[in-house]
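# A look at the structure
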Amino acid sequence: MKITRISVYRTDLPLTKPYWLSGGRLRFDELDSTLFAVEADDGQTGWGEGCPWGHTYLPAHGAGIRAAAELLAPALLGQDPRELDKINRIMDLTLPGHLYAKAGLDVACWDLFGQSCGLPLAELMGGRESLAGAPIASSISTGAPEEMLAEIQSYRDRGYFAHSAKVGGDTGLDVARIRHLEAERNPGETIVYDVNRAWSRQEAVTVMNQVADLGVTVEQPCETIDDCAAVSRRTGASICLDERLETQGDLTRFIADGIGEVVNIKINRVGGLTKARRLRDLAEAGGLRMLIMESGGSVIADTGAAHLAATVPDHLMIGSWLCHDMLSRDLAPGRGARNDAGRMAAPTLPGLGVAPDLTLIGAPVAVYE
Ligand code: MG
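Keep in mind that this is a model prediction, so the values were computed, not measured.

### What to know about the coordination of the magnesium ion
- The protein atoms donating to the magnesium ion are D194 (OD), E219 (OE) and D242 (OD), with metal-donor distances spanning 2.1 to 2.2 Å.
- Site description for the magnesium ion: donor spacing in sequence, D-x24-E-x22-D. Here the residue E219 occupies a position in strand β8 (residues 217-219), and D242 occupies one in the loop between β9 (238-241) and α9 (248-256), the gap between them amounting to 23 residues. Of the two residues, E219 and D242, neither departs from the other in class, the shared state being buried.

In structure tokens form, the structure reads like this:
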């Protein structure tokens, strides 16, 4: 089986309403997404998507994915897409780093692998622990405590029982936000408080010590792993690593130094499903609980994350996320991983189990063959 053609599509994905992160520092209205169609000599096509949630959230951007494809796609032509470790070594040799630019190509190769042997990705990546799928974590925009609770309630009305509440900024207001939402949290409901790097070390220590009695988990409180390590020595609150997890080395350090108990593995940021799967195994070996999701994108991206999330045992899974639930454009209406009572089941079709409607994504912006 050989890769014969790689087509690259660019599509804009508008959010249904403006979204604020990191204490209001970062605003998002529309996402720039790149879709890859990887065709093989058996006539099958695999799909993958790269969408780094704008260009201010991570050191990544949509145009960077398409520029990297000019180097990566020609290097993959003629290769066997089922040899995923080899595919990733070729991409790493061709262009060191730039993990986010490789994820869509990696997922498209996984899709071809699954189609070639008639198995869904969840089964290929170790087996499905949950037929119902992982809980979906809502993504609650930074706002006043009452506004954030109202947003959580709107997700509850749709079955959600896991939430990622975005805080950061004014430390007094952050304590009020966390205390208000915890006081109104339903039994069995999970809320992770995501700072998206907004606090200084001192601000993190101040807030986290003031809410330590609540037993909450705080995600990426400060900019770096060093910051998180320093904060963890001075607070009892649990830390989740997100933005600064890219490699196995990052996660090894997080575990070995006992910095926190939770990790957020984002498929795009870590370079695709091949590398995300290795991080899943490392997290499980380290006894960490996990969030597994995409950094952004349509239902194509979300469905890849749903497959990997489905392979994590329930006691280690906190939740995933459906970015497409926040978009006003749907590239594969009715198909792929969808909200079902607050959970997202991965498809049982071979491969990724979803492809975009070609009439919705227009012509490719580049074709390599
Ligand atoms: Mg986060």
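Okay, back to it.
### Quick look at the nonpolar core
- Counting 121 residues, the largest nonpolar core has W53, I265 and I292 as the members making the most contacts within it.
- Those residues within four positions of I292 in sequence are excluded, and the remaining contacts are I265, I267, A305, L308, A309, V312, M317, G319, S320 and W321.

### A short note on the pairing of strand β6 (residues 162-166)
- The element β6 is largely enclosed, with a buried count of 5 among its 5 residues.
- Side-chain alternation along β6 places A162, S164 and K166 on one buried face and H163 and A165 on a second face that is also buried.
- Pairing of strand β5 (residues 137-140) with β6 involves 4 bridges; the strand directions are parallel. From the neighbouring strand, A137 faces β6, where its bridge partner is A162.
- In this view, the connection linking β5 to its parallel neighbour β6 by way of helix α5 (residues 145-156) has right-handed handedness.
- Note that β6 and strand β7 (residues 190-194) share 5 bridges and pair parallel. Counted as the bridge partner of S164 is V192 from β7.

### Re the side chain of R269
- By the element assignment, R269 lies in helix α10 (residues 267-270).
- Setting aside residues no more than four positions away along its own chain, R269 makes contact with Y57, L58, L99, Y100, D242, E243, L245, E246 and N264.

### Regarding the sheet that holds strand β4 (residues 134-135)
- Read from one edge of the open sheet, 3 strands run β4-β14-β13, paired in antiparallel fashion. The open sheet has two edge strands with one neighbour each: β4 and β13 (339-340).
- As defined by bridge partners, β13 adjoins strand β14 (residues 343-344) across 2 bridges and the pair is classed as antiparallel. Paired with N339 across the two strands is M344, which belongs to β14.

### Points about the pattern of salt bridges
- Taken as a whole and judged by the stated rule, the model has 29 salt bridges.
- The closest approach of N and O atoms between D32 and R10, which form a salt bridge, is 3.6 Å. Taken together, the residues span a long stretch of sequence, with D32 in strand β2 (residues 26-40) and R10 in strand β1 (residues 3-21) at a distance of 22 residues.
- Residue class for R10 comes out partly exposed when judged on its relative accessible area of 40%.
- The residue R253 makes a salt bridge to D257 at a minimum N-O spacing of 3.2 Å.

### Points about the sheet that holds strand β10 (residues 262-266)
- An order of β5-β6-β7-β8-β9-β10-β11-β12 is seen for the 8 strands of this open sheet, with the pairing classed as parallel. Of all the strands in the sheet, just β5 and β12 (317-319) have a single pairing partner and so form its edges. Neighbour-to-neighbour, the strand axes of the sheet open up by a mean angle of 25°, direction not taken into account.
- Packed onto the sheet, helix α11 (residues 273-285) meets β10 and β11 (289-293) and runs at close to 170° relative to β10.

### What to know about unusual backbone geometry
- A positive phi angle, near 75°, is found at R197, a position not held by glycine.
- Its place among the elements puts R197 in the loop between β7 and α7 (201-210).
- For A341, which is not glycine, the phi torsion reads 55° and is therefore positive.
- For A341, the position within the fold is in the loop between β13 and β14.

### With respect to the packing of helix α3 (residues 99-117) against α11
- Viewed as axis vectors pointing N to C, α3 and α11 meet at an angle of 95°, and their least axial separation amounts to 8 Å. In terms of orientation, α3 and α11 fall into the roughly perpendicular class. Together, L99, D106, V107 and W110 of α3 and L273, T274, K275 and R277 of α11 make up the contact between the two elements.
- Looking at side-chain class alone, the contact of α3 with α11 contains 4 nonpolar, 1 polar and 3 charged residues.

Calculation rules
- Residues numbered from 1 in each chain as written.
- Predicted model: local features only at pLDDT ≥ 70, side-chain atom pairs only at ≥ 80, totals over all residues.
- Heavy atoms only, no water.
- Donors = N, O, S within 2.8 Å, 3.2 Å for Na, K, Ca; no water.
- Helix = DSSP H or I, 4+ residues; strand = E, 2+ residues; numbered from the N terminus.
- Buried < 20%, exposed > 50% of the residue type's maximum accessible area, 1.4 Å probe, protein only.
- Core = buried A, V, L, I, M, F, W, Y, C linked by side-chain atoms within 4.5 Å.
- Contact = heavy atoms within 4.5 Å.
- Pairing = 2+ DSSP bridges.
- Right-handed = clockwise from strand over helix to strand, strands pointing away.
- Salt bridge = Lys/Arg side-chain N within 4 Å of Asp/Glu carboxyl O.
- Axes fitted to C-alpha atoms, helices over the stretch in contact; angles between N-to-C directions.
- Parallel < 35°, antiparallel > 145°, perpendicular 65-115°, else oblique.
- Nonpolar A, V, L, I, M, F, W, Y, C, P; charged D, E, K, R; others polar.

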